[in-house]
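Notes for the structure review
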Amino acid sequence: MDYDVKDLKLADAGLERIDWADRRMPVLRKIRERFTKEKPLKGMRIACCLHVTSETANLMRTLKEGGATVAVCASNPLSTQDDVAAGIVKHVKVQTFSIKGENADQYYTHIQQALALMPHVTMDDGADLVGALHMIAFERYESLHKSVKNWVKTLGQKKRQELIDNVVGTTEETTTGVIRLKSMEAEGVLRFPAIAVNDALTKHMFDNRYGTGQSTIDGIIRATNMLIAGSNFVVSGYGWCGKGVTKRAAGLGAHVIVTEVDPLKALEAHMDGYQVMDMASAAKIGDIFVTVTGDIHVLRKEHFEKMKDGAVVANSGHFNVEIDIDALEAMKTGKKRIRGLIDEYRLPNKNIYLLGEGRLVNLACAEGHPSEVMDMSFANQALCAEYVWKKGKSLENRVYSVPQEIDKQVALLKLQTVGIKVDNLTGEQKKYLASWEMGT
Ligand code: ADE
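Let us look at the structure shown here. (Residues numbered from 1 in each chain as written. Predicted model: local features only at pLDDT ≥ 70, side-chain atom pairs only at ≥ 80, totals over all residues. Heavy atoms only, no water.)

So, on to the sheet that holds strand β12 (residues 334–338). Spatially, β9-β8-β7-β10-β11-β14-β13-β12 is the arrangement adopted by the 8 strands of the open sheet, whose pairing is mixed. Both outer strands of the open sheet, β9 (275–276) and β12, are each paired with one neighbouring strand and no more. Of the pairings in the sheet, the one linking strand β8 (residues 255–259) to β9 comprises 2 bridges and is parallel in character. Each bridged residue has a counterpart across the sheet, and for Val258 the counterpart in β9 is Val276. Running over the sheet, helix α11 (residues 240–251) touches β7 (232–236) and β8 and is turned about 170° from β7. (Pairing = 2+ DSSP bridges. Helix = DSSP H or I, 4+ residues; strand = E, 2+ residues; numbered from the N terminus. Contact = heavy atoms within 4.5 Å. Axes fitted to C-alpha atoms, helices over the stretch in contact; angles between N-to-C directions.)

Next up on the list: the packing of aromatic side chains. Counting across every chain of the model gives 3 aromatic pairs. Aromatic pair Phe206 and Tyr210: ring centres 6.3 Å apart, planes at 35°, arrangement tilted. Remark: Tyr210 and Phe206 occur in helix α10 (residues 201–224); sequence separation between them is 4 residues, near one turn of the helix. Positioned over the ring face of Phe138 is Arg191, at 6.0 Å from the centre of the ring. Just above the ring of Trp240 sits the side chain of Lys243; from NZ or CZ to the centre is 5.2 Å. (Phe/Tyr/Trp six-rings, centres within 6.5 Å; stacked < 30°, edge-to-face > 60°. Lys NZ or Arg CZ within 6 Å of the ring centre and 35° of its normal.)

Taken together, His51, Thr53, Glu55, Thr56, Leu363, Glu367, Gly368, His369, Met374 and Phe378 form the complete shell of residues around the ligand. Between the ligand and Glu55, the relevant distance is 2.9 Å, taken from a nitrogen atom to a side-chain nitrogen or oxygen of the residue. In the environment of the ligand, a nitrogen atom lies 2.8 Å from a nitrogen or oxygen atom belonging to the backbone of His369. In isolation the ligand offers 270 Å² of accessible surface; the protein chains occlude 95% of this area. (Near = heavy atom within 4 Å. Polar contact = N/O pair within 3.5 Å; in protein donor to acceptor, adjacent residues only side chain to side chain. Areas by Shrake-Rupley, 256 points an atom, 1.4 Å probe, with all protein chains shown as cover.)

Within the largest apolar cluster, 51 residues are counted, with the highest numbers of intra-cluster contacts made by Ile46, Cys48, Leu59, Met60, Leu63 and Ile88. Per-element accounting of this core gives the leading share, 9 residues, to helix α17 (residues 371–391). Dropping the residues within four chain positions of it, Leu63 is found in contact with Leu41, Ile46, Cys48, Ala68, Val70, Met123, Ala382 and Ala385. One finds Leu115, Leu117, Val152 and Phe192 within the second-largest nonpolar core, a separate group that totals 33 residues. (Core = buried A, V, L, I, M, F, W, Y, C linked by side-chain atoms within 4.5 Å. Buried < 20%, exposed > 50% of the residue type's maximum accessible area, 1.4 Å probe, protein only.)

Our next topic: the packing of helix α6 (residues 128–137) against helix α8 (residues 157–165). α8 packs onto α6 with a crossing angle of 135° between their chain directions and a minimal axis gap of 10 Å. One finds that α6 runs oblique with respect to α8. In the packing of α6 onto α8, the handedness of the crossing is left-handed. Where α6 approaches α8, its residues Leu133, Ile136 and Ala137 are matched on the opposing element by Arg160, Leu163 and Ile164. Classifying every residue of the contact of α6 with α8 gives 5 nonpolar, no polar and 1 charged. (Parallel < 35°, antiparallel > 145°, perpendicular 65-115°, else oblique. Left-handed = near helix turned anticlockwise from the far one by under 90°. Nonpolar A, V, L, I, M, F, W, Y, C, P; charged D, E, K, R; others polar.)

With that settled, the discussion passes to helix α4 (residues 82–92). α4 sits mainly inside the fold: 9 of its 11 residues count as buried. Every buried residue of α4 is accounted for by Asp82, Asp83, Val84, Ala85, Ala86, Gly87, Ile88, Val89 and Val92. Check the buried side of α4 and you find it contacts α1 (11–23), α3 (54–65) and β3 (95–97). Downstream of α4 by a residue or two, Lys93 has a phi angle that is positive, lying close to 60°.

Next up on the list: the side chain of Thr246. Structurally, Thr246 is set in helix α11. Classification of Thr246 as buried rests on a relative accessible area of 0%.

Attention now goes to the pattern of salt bridges. Counted by the stated rule, this structure contains 30 salt bridges. Two residues, Arg34 and Glu38, come together in a salt bridge whose shortest N-O distance is 3.0 Å. Here Arg34 and its partner Glu38 are both found in helix α2 (residues 26–38), 4 residues apart, which amounts to about one turn of the helix. Overall, the relative accessible area of 23% leaves Arg34 in the partly exposed class. The shortest N-O distance in the salt bridge between Asp218 and Arg222 comes to 2.9 Å. On the criterion of helical spacing, the pair formed by Asp218 and Arg222 is a turn pair, its members being 4 residues apart in helix α10. What makes Asp218 partly exposed here is its relative accessible area of 25%. Judged by relative accessible area, Arg222 falls into the partly exposed class, the value being 42%. (Salt bridge = Lys/Arg side-chain N within 4 Å of Asp/Glu carboxyl O.)

Take the environment of Ala137 next. Tracing the sequence through the fold places Ala137 in helix α6. Accessibility expressed as a relative area gives 23% for Ala137, which makes it partly exposed. The spacing of Ala137 and Gly419 is 282 residues in sequence and 48 Å in space, taken between C-alpha atoms. Among all residues touching Ala137, those that are not within four sequence positions of it are Ile164 and Arg191.

Moving on, we come to the sheet that holds strand β15 (residues 399–401). Each strand in a sheet pairs with its neighbour through backbone hydrogen bonds, running either in the same direction (parallel) or in the opposite one (antiparallel). Across the sheet, which stays open at both edges, the 7 strands sit in the order β3-β2-β1-β4-β5-β6-β15 with parallel pairing between neighbours. Each of the sheet's edge strands pairs with one partner strand only, and the pair in question is β3 and β15. Across this sheet, the average inter-strand angle for adjacent strands is 20°, counted without regard to direction. As defined by bridge partners, strand β4 (residues 121–124) adjoins strand β5 (residues 169–172) across 4 bridges and the pair is classed as parallel. What sits directly across from Asp124, in β5, is Glu172.

And the structure:
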């Protein structure tokens, strides 16, 4: 079996973490039990580009139990848990290509190795597999990293064609990936159907809010051991992730400041009780800055110039573009790596501290979202992989929502596993809701 992980000797330690996560993922476990009996993914080859964590390992187990042949590579160079990656190879017996701290060449070589499976289905977190497949399909070789480009050249025309034609569909985990897929759809270039797992209610209302909320704070605390209480904590972006981060920072006693570009979200943050201002104003007073916007250069030179000495900057959005690191590099008089993953940037009149190289702080500096929320996200992923395998050929080349039955099934299963009962409508109530006549 092909793989590239840091050290296979870490596999047994990895298995302990995988099993620990599994105890907290009862919905995914239930789906795995069914998959083990029914083998609904039999014959399917699936290439996954995900954060290689203990939760992902349990998703890999589930896909494998369902009968699929699986390969997984990292969706971020800093998010891999090396012991878990080794555990997936040795104990789950899934091809795994990911090493924490991998450079760009390794990152894209790993994407290429996952694509070498010639997948029928891809599962992305950020749309890098889909992006690579489309650049190959449209022969946009100049946009491909050389690790993928060199491999593609060895394939020959027929195999290259098959690489795209084999794919019946993809599933996408995150907001950024869904945005990329929607722009592909809008440009008319999307070559297969995509299921926006991120947009399932049982995904983003929980994973993006409670998952990002807790794990972002966890990453900042593990990296810095700073006291959050009393700090001026600036959150840029008030989407589901931003809402989660503000709530948890406020819970720890921070003075939370929100910056936004969307007037409605800004108003919502204001009425939720936070201070709202533009970044030019927030930059002067913030102690800790977190970007969760999905956009580029949210923190840039003009803001670094205004920041206080000792300001800590971190990103929890998918790509490492939200903080303009090139600007920091150009402004610096010196730089030092301290405490593991903090870069101290010495500027003429102050130091600014960048966490996790500007990559997702929750995964680079901590362990990502807790298993309890990934349980629902990955239950959606497993069920959507099954859906796309069964239905992909009948779908158009569009971005689809997760079918409501899947979303509802995940919510009901989660409630069951936490022992919560919900009421059922009485016959009288159903009749009342279905009637339009005025009732007295
Ligand atoms: N994204 C955020 N947290 C994650 C986790 N724990 N595992 C996989 N993907 C994640």
